[in-house]
Amino acid sequence: MDQSLTKSDFIGHDDHAPAAKRSWMFARPDHKTGIVSWLTTVDHKRIGFLYGITALFFFLVGGAEALMIRTQLAVPNNTFISAQTYNEMFTMHATTMIFLAVMPLSAAFFNYIMPLQIGARDVAFPRLNGFAFWVFLAGAIILNVGFFHKAGLPDVGWFGYAPMTAKAFSSEFVGDNSTDLWVMGLQVLGVSSVVGSLNFLVTIINMRAPGLTMMRLPVFTWMTLFTAFLIVLSFPAITIALVEVMMDRNFGTNFFEVSGGGLPILWQHLFWVFGHPEVYILILPAMGIISEILPCFSRKPLFGYPIVVFSGAVIGFLGFGVWSHHMFTTGMGTVATAAFSMATMTIAVPTGVKIFNWIGTLWKGHLMMRTPMMFALGFVWMFMTGGMSGIMHSAAPADAQQQDSYFIVAHFHYVLIGGSIFALLAGIHYWFPLMFGRKVSEKAGKWSFWIIFVGFNLTFFPMHFLGLNGMPRRTFTYDGNMGWTSANQLATLGSYILGIGIAYYFIVMIYTYFKGEKVGRDPWDGRTLEWSIPNPPPAHNFDVTPTVHARDAFWYEKTHQAEIAAEKAKKAAEDEAHGGIHMPSNSWFPFITAAGMLIGSLCFAFHYIPGAIVGLGITFFGAWMWSVEGPGGYHLHPTKSDGDASSASH
Amino acid sequence: MSSHAATAGHIDHHHDATTSTGIPNKKLFMWAFLASDCMFFGSLIATHLIYRLHPPAGSPDPRDLFSIELTSGSTFILLMSSLLMALAVNAIQKGNVATTRKMLLGTIIFGLIFLGGQVYEFNHFVKVGGLTLSNSVFGSTFYTLTGTHGTHVAIGVLWLVLMYIRTFKPTDDSNGQGWIAKGALHFLAFAGAVVVGMYTLLALVHAYEEGHGLAYYFSHHFISFGGTIALIGALIWFARSPGPVDFGEANAIDVESMGLYWHFVDIVWIVIFPVVYLLEYIVLP
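Residues numbered from 1 in each chain as written. Chains lettered and ligands numbered in written order. Predicted model: local features only at pLDDT ≥ 70, side-chain atom pairs only at ≥ 80, totals over all residues. Heavy atoms only, no water.

**What about a nonpolar patch on the surface?**
Residue and element names in this part refer to chain B. The condition that has to hold: Each patch is built from salt-bridge-free residues with over 30% relative accessible area, joining like charges within 9 Å and nonpolar side chains (Val, Leu, Ile, Met, Phe, Trp, Tyr) within 5 Å. The protein chains shown are the only cover counted for residues, whose accessible areas, like all others here, come from Shrake-Rupley with a 1.4 Å probe. Each salt bridge in this description consists of a side-chain nitrogen of Lys or Arg and a carboxyl oxygen of Asp or Glu lying within 4 Å of one another. Note on conventions: DSSP H or I runs of at least 4 residues are helices, E runs of at least 2 residues are strands, and numbering of each starts at the N terminus. The cut-offs for exposure are 20% and 50% of the maximum accessible area for each residue type, with area from a 1.4 Å probe on protein chains only; residues under the lower value are buried, those over the upper are exposed, and the others partly exposed.
Among the surface-exposed residues, Leu201, Leu204, Leu214, Phe218, Phe225 and Ile229 lie close enough to one another that they form a single nonpolar patch of about 550 Å² accessible area. When contributions to the nonpolar patch are tallied by element, the ones reaching two or more residues are helix H6 (177-210) and helix H7 (213-238). Of note, Leu204 is situated in helix H6. In this structure Leu204 comes out as partly exposed when scored by relative accessible area, which is 33%.

Written as structure tokens, this is what we have:
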């Protein structure tokens with residue numbers, strides 16, 4: 001990260017208040033390397049890297065939890081783990097994979113790639129961006145604290161259905177506080193997601209390079225925008241639902257307590273008003289990544305760009321109109337059931353349209369079968385398979401049979417692993433050279449693809465039949481004469497192969513980071529602006545803010561080199577006349593504010609009120625100091641002299 | 001008038017040439033956040049309505065509890081605070097810091113009066129009406145919905161105070177340190193004045209309700225009464241003219257973003273007030 005920074009970059013200068021005159025408490029950190037620089041960073045690339053590393057760590061944790069589940073189900077009447085541990089494992093596996101692996105890994109790409117694709121120097125609110133990451137980490141810690149504490153891990157399922165989250169049900173086991181930890185952790189994660197998404201929204205709408213009109217935006221940036229909209233509008237519903245559970249548990253309210261007049265079904269509505277858009281929050285970034293990779297390795301522009309964009313918008317819009325298809329068996333009445341059935345069938349149309357666009361992109365392309373392309377093609381095939389079973393659920397009578405069976409488990413793993421995870425793994429391969437200047441060897445990459453691909457299908461394809469044969473999800477063990485044994489054994493075998501494949505993928509990535517083949521800028525002959533900058537990217541991204549003349553802006557630059565060079569020289573002179581490039585200063589306060597939230601929420605979950613008040617105090621102190629600190633900043637002069645590419649002065 | 005305003009010349013607050021759309025980033029952020037907040041309050045209001053329309057047997061009748069006159073009064077005060085907020089935005093767009101300060105202070109005081117009304121109301125409903133968070137779903141939804149709105153108002157007041165104190169940032173304090181320390185003292189005096197003032201005010205209401213009279217009130221609460229006076233004095237001392245300040249038209253967008261938030265919280269109350277207080281849904285068995 002940021003190896004291109006030289007000592008001369010460190011002579012940053014705070015425009016608004018000279019750092020030298022301030023005492024320690026109010027001093028702005030100007031470290032460019034070391035731990036302090038990471039804690040106080042406002043650089044979107046560094047924050048993206050932090051998101052990525054954290055997400056991959058939790059991806060492994062979630063994977064280990066999945067392997068425990070599969071091991072328990074390997075043979076009938078197994079006693080590998082207890083029923084209680086099994087409940088904790090499936091709850092934490094889902095919560096971890098959704099909130100701590102896929103969403104933050106998408107956020108890593110939003111942070112790292114999106115500002116580069118739109119030709120911006122940073123996001124609209126750099127300090128808020130750092131805050132979003134630290135709050136995410138706080139939420140992740142709160143959710144996983146049960147690993148190290150006798151409170152235990154959450155065990156209520158990731159739906160957290162009432163009344164399982166009620167006080168009466170959680171005191172039955174040791175883990176009395178585990179549900180409180182789940183509730184607080186998710187609320188804190190919600191703050192992170194909403195704050196981060198608001199930042200991305202403003203960045204995409206307001207920070208585009210000159211000439212980058214909305215209909216020239218790279219598709220990944222479009223999907224980032226839709227994802228941000230979905231998060232901003234859907235997370236408040238779950239926040240309210242969680243607040244109500246929190247009050248039921250701690251302040252004796254009766255929102256979901258039947259004995260006090262509450263309605264447990266209300267939880268389901270509030271949860272799925274969030275929960276269904278959430279599945280599009282998980283898949284839209286993946287669709288964006290695929291829409292970048294397929295054209296690049298097909299040597300063709302994306303087929304039907306406007307259709308891809310508009311279908312994304314339609315998915316985002318309809319995503320809010322289908323939540324009750326998760327509730328067909330709750331007895332909503334025929335009108336509601338029919339309406340949500342139709343809406344669910346309708347949302348398959350824009351999704352199917354996208355698949356035809358990808359096939360159209362591949363059609364008569366000069367396909368380069370590199371590793372990112374392999375993962376992308378695997379995505380298209382498996383996402384389609386998962387989509388097919390999705391359509392089957394949309395018919396309410398069929399859903400009544402399939403509900404809460406392993407058929408559902410097979411379906412959503414095909415769209416979440418075959419879909420989201422494959423696209424994210426493809427994205428890591430694709431953008432690795434941009435981030436670290438090294439490329440994964442094709443041989444190792446393809447091996448990892450095939451092991452993961454085979455392991456995945458072996459794990460989840462048999463689950464379709466398990467479900468049709470009546471095996472319920474979340475079941476802790478089963479009897480040998482149910483006829484589920486062989487399919488379960490196949491699935492467990494597949495899960496081990498999948499685990500080996502993922503482990504191999506990580507080893508390859510770590511090896512590549514240290515010893516991989518070095519590549520220069522733009523190794524894939526890319527089409528979008530992120531490939532136009534030096535490798536690895538400097539802190540200021542672009543020496544000269546690019547002017548965009550067409551869709552696939554970098555492709556246009558490559559084919560119009562002479563005029564672009566003249567344009568850049570003119571703009572560099574203009575920048576210098578305006579005092580150079582203005583860069584934001586680092587800040588302690590996003591970190592401090594988030595730390596206050598961690599302390600406060602954790603203490604509240606353990607019912608330690610003085611600690612909660614101290615945490616709240618730290619949060620307010622951090623926010624106050626953040627506000628009076630001001631934006632700060634320093635100037636860079638990347639194009640001033642030939643020999644010294646990025647000297648700083650003021 | 002700030003020295004910035006004198007040198008900065010004309011600033012167009014609705015157009016920012018450095019952004020793609022011309023809309024300032026902070027303003028766009030605030031609009032997007034308010035969209036999110038619509039869903040937030042929407043979920044709470046939906047929860048309240050579901051339980052109001054289908055009350056479990058034995059629910060209390062809100063008509064026995066509410067004092068529509070009192071709540072109408074505090075609603076009026078809250079709406080008027082929006083007017084003062086709009087005047088503050090208008091003043092700072094013209095670089096008029098003195099008027100901005102007065103209007104911000106007025107908004108703060110009106111916001112506090114509304115919060116005070118809510119504190120009184122909650123206290124009254126619990127003590128006299130016997131309505132608590134836990135003894136009925138009506139209580140649960142009422143306190144959660146109006147309490148969340150109150151929290152929004154309280155955050156708005158804190159933010160207003162921060163902005164108000166920022167209007168005192170002196171131009172010549174180049175290291176910013178002395179001002180931050182003074183700002184913190186200013187804030188502490190303010191927080192003290194609110195807490196102690198609220199306490200003495202509620203004590204006065206209590207003495208009046210119990211029929212104790214003014215003599216009893218002053219003899220029992222003279223320390224807190226004196227403290228309130230002293231803290232208000234400290235606030236006035238802090239508010240004296242500090243010479244040229246580093247707050248002007250350039251901050252107009254900060255004040256405007258805060259104003260958007262404040263107006264939104266008021267508008268949400270215009271929905272909550274009829275839904276919770278005015279409509280008579282309840283059909284008791």
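After presenting the structure, the write-up continues.
**Some remarks on the packing of helix H8 (residues 219-250) of chain A against helix H10 (residues 305-318) of chain A**
Residues and elements named next belong to chain A. Worth spelling out the cut-off: Comment: axis = line fitted to C-alpha atoms, over the contacting stretch for helices; angle = value between 0 and 180 degrees taken between N-to-C directions. Our angle categories are set so that under 35 degrees counts as roughly parallel, over 145 as roughly antiparallel, 65 to 115 as roughly perpendicular, and the remainder as oblique. Contacts are assigned to residue pairs with any non-hydrogen atoms lying within 4.5 Å of each other. Each residue gets one label: Ala, Val, Leu, Ile, Met, Phe, Trp, Tyr, Cys and Pro are nonpolar, Asp, Glu, Lys and Arg are charged, and the others, such as Gly, are polar.
Across the interface, H8 lies against H10 with an axial gap of 10 Å and an inter-helix angle of 10°. Considering the angle they form, H8 stands roughly parallel to H10. Here H8 contributes Val219, Trp222, Met223, Phe226 and Leu230 to the contact with H10, which in turn contributes Tyr305, Val308, Val309, Gly312, Ala313 and Gly316. Per-class residue counts for the contact of H8 with H10 are nine nonpolar, two polar and no charged.

**A short note on the environment of Lys439 of chain A**
All names here are of chain A. Along the polypeptide, Lys439 turns up in strand S1 (residues 438-439). Taking the C-alpha atoms as reference points, Lys439 and Phe169, 270 residues apart in sequence, are found 51 Å from one another. If sequence neighbours within four positions are ignored, Lys439 has contacts with Pro433, Thr512, Gly516, Glu517, Val519, Pro523 and Trp524.

**Comments concerning the interface of chain B and chain A**
So the rule is basically this: Here the quantity called buried area is the accessible surface, traced with a 1.4 Å probe, that two parts lose on coming together, added over both.
Residue-level contacts link 41 residues of chain B with 43 residues of chain A. Across the chain B to chain A interface the summed buried area is about 3500 Å²; carbon plus sulfur atoms make up 71%. It is Phe29, Tyr51 and Ile180 of chain B in chain B that bury the most area against chain A; as a group they hold 16% of the surface buried on that side. At the junction of chain B with chain A, the criterion picks out zero salt bridges.

**A look at the packing of aromatic side chains**
All names here are of chain A. As a reminder, the rule being used: The criterion for an aromatic pair is that two Phe, Tyr or Trp rings (for Trp, the six-membered ring) have centres within 6.5 Å, with stacked assigned to planes under 30 degrees apart, edge-to-face to planes over 60 apart and tilted to the rest. Any Lys NZ or Arg CZ that is within 6 Å of a ring centre and within 35 degrees of that ring's normal is treated as a charge sitting over the ring.
Across all of its chains, the model carries 82 aromatic pairs over all chains by this definition. With centroids separated by 5.9 Å and ring planes inclined at 50°, the aromatic side chains of Trp381 and Phe453 adopt a geometry described as tilted. Linking Trp381 in helix H12 (residues 371-394) with Phe453 in helix H15 (residues 442-468), this pair joins segments that are 72 residues apart in sequence. Judged by its relative accessible area of 43%, Trp381 is partly exposed. The class of Phe453 is buried, set by a relative accessible area of 17%. One Lys or Arg, Arg46, reaches over the ring of Trp38 and ends 4.3 Å from the middle of that ring.

**Considering the side chain of Lys571 of chain A**
Residues and elements named next belong to chain A. Heads up, the rule is: Counted as positive: Lys and Arg. Counted as negative: Asp and Glu, with His and the chain ends omitted from the count. Whenever a nitrogen or oxygen atom comes within 3.5 Å of another N or O atom, the pair is scored as a polar contact, on the condition that within protein one atom can donate a hydrogen and the other can accept it, and that pairs from neighbouring residues in sequence are kept only if both atoms are in side chains.
Take Lys571: it is sitting in helix H18 (residues 561-577). It turns out Lys571 is buried and unbridged, and the closest side chain with the opposite charge, Glu574, is 6.4 Å from it. Reaching out from Lys571, the side chain makes a polar contact with the backbone oxygen of Thr545 at a distance of 3.0 Å. In contact with Lys571, other than residues within four places in its own chain, are Pro210, Val544, Thr545, Pro546 and Thr547.

**Quick look at H12 of chain A**
Applicable threshold: Helix span is expected to be 1.5 Å times the residue number reduced by one.
Its 24 residues give H12 of chain A an end-to-end C-alpha distance of 34 Å, which sits within 8% of 34 Å, the value for a rise of 1.5 Å per residue. In terms of burial, H12 of chain A is largely enclosed, as 17 of its 24 residues are buried.

**Overview of the UniProt feature "transmembrane region" (unreviewed entry) in chain B**
This is how the line gets drawn: UniProt positions are given in the numbering used here, feature names are shortened, and annotations may be inferred rather than shown by experiment.
Within the UniProt annotation, "transmembrane region" (unreviewed entry) is assigned to residues 28-51, 71-92, 104-122, 142-165, 185-208, 214-239 and 260-279 of chain B. Strand forms 0% of residues 214-239 of chain B and helix 96%; the C-alpha atoms that close the span are 31 Å apart.

**As for the environment of Met332 of chain A**
Note on placement: Met332 of chain A falls in the loop between H10 and helix H11 (334-362). On the accessibility criterion, Met332 of chain A (21% relative accessible area) is partly exposed.

**Quick look at the pairing of strand S4 (residues 634-637) of chain A**
All names here are of chain A. Heads up, the condition is: Paired strands, in this sense, are two strands between which DSSP finds at least two bridges.
A two-sided burial pattern is seen for S4, the buried positions comprising Tyr634 and Leu636 on one face and His635 and His637 on the other. Bridge analysis of strand S3 (residues 581-583) against S4 gives three bridges, and the strand direction is antiparallel. Residue Met583 lies in a different strand from S4, and its bridge partner there is Tyr634.

**Examining the nonpolar core**
Keep this limit in mind: Take the buried Ala, Val, Leu, Ile, Met, Phe, Trp, Tyr and Cys residues and link them wherever side-chain atoms come within 4.5 Å; each set so joined is a nonpolar core.
Core analysis: the largest hydrophobic core is formed by 256 residues, its most contacted members being Phe99, Trp267, Phe379 and Trp431 of chain A. If we skip the residues at most four places from it in the chain, Trp431 of chain A touches Phe109, Ile113, Gln117, Phe220, Ile289, Glu292, Glu530 and Trp531 of chain A.

**Overview of the environment of Gly630 of chain A**
All names here are of chain A. One can find Gly630 in the loop between helix H20 (609-629) and S4. Distance in space between the C-alpha atoms of Gly630 and Met463 is 55 Å, their sequence separation being 167 residues. In this structure Gly630 touches Arg28 and Arg127, once residues within four positions along its chain are discounted.

**Regarding the side chain of Thr75 of chain B**
The residue Thr75 of chain B is located in helix H3 (residues 68-93) in this model. Those residues in contact with Thr75 of chain B that lie beyond four places of it in its chain are Trp269 and Phe273 of chain B.

**Looking at unusual backbone geometry**
All names here are of chain A. In this structure, Pro163 follows Ala162 across a cis peptide bond, with omega equal to 5°. Within the secondary structure layout, Pro163 lies in the loop between helix H5 (126-144) and helix H6 (167-170). With an omega dihedral of -5°, the bond running from Asn535 to Pro536 counts as a cis peptide bond. One non-glycine residue, Asn541, lies in the positive phi region at around 60°. Among the structural elements, Asn541 can be located in the loop between strand S2 (517-518) and helix H17 (553-559). Phi is positive for His607, which is not a glycine, with a value near 60°. With respect to the helices, strands and loops of the structure, His607 is situated in the loop between helix H19 (589-605) and H20. Overall, the relative accessible area of 36% leaves His607 in the partly exposed class.

**Some details on the pattern of salt bridges**
Residue and element names in this part refer to chain A. The tally for this structure, following the rule as stated, stands at 17 salt bridges over all chains. A salt bridge links Glu442 to Lys446, with the nearest nitrogen and oxygen atoms 3.8 Å apart. One end of the pair, Glu442, and the other, Lys446, are both in helix H15, four residues apart, so they sit about a helical turn from each other. On the accessibility criterion, Glu442 (21% relative accessible area) is partly exposed. With relative accessibility at 27%, the residue Lys446 sits in the partly exposed group. Of the charged contacts, one joins Glu557 and Lys568 as a salt bridge, the two residues approaching to 3.6 Å between their closest N and O atoms. With Glu557 in helix H17 and Lys568 in helix H18, this residue pair connects regions lying 11 residues apart in the sequence. In this structure Glu557 comes out as buried when scored by relative accessible area, which is 8%. In the salt-bridge network here, residues are joined through shared partners; they are Arg299, Asp522, Asp525 and Lys558.

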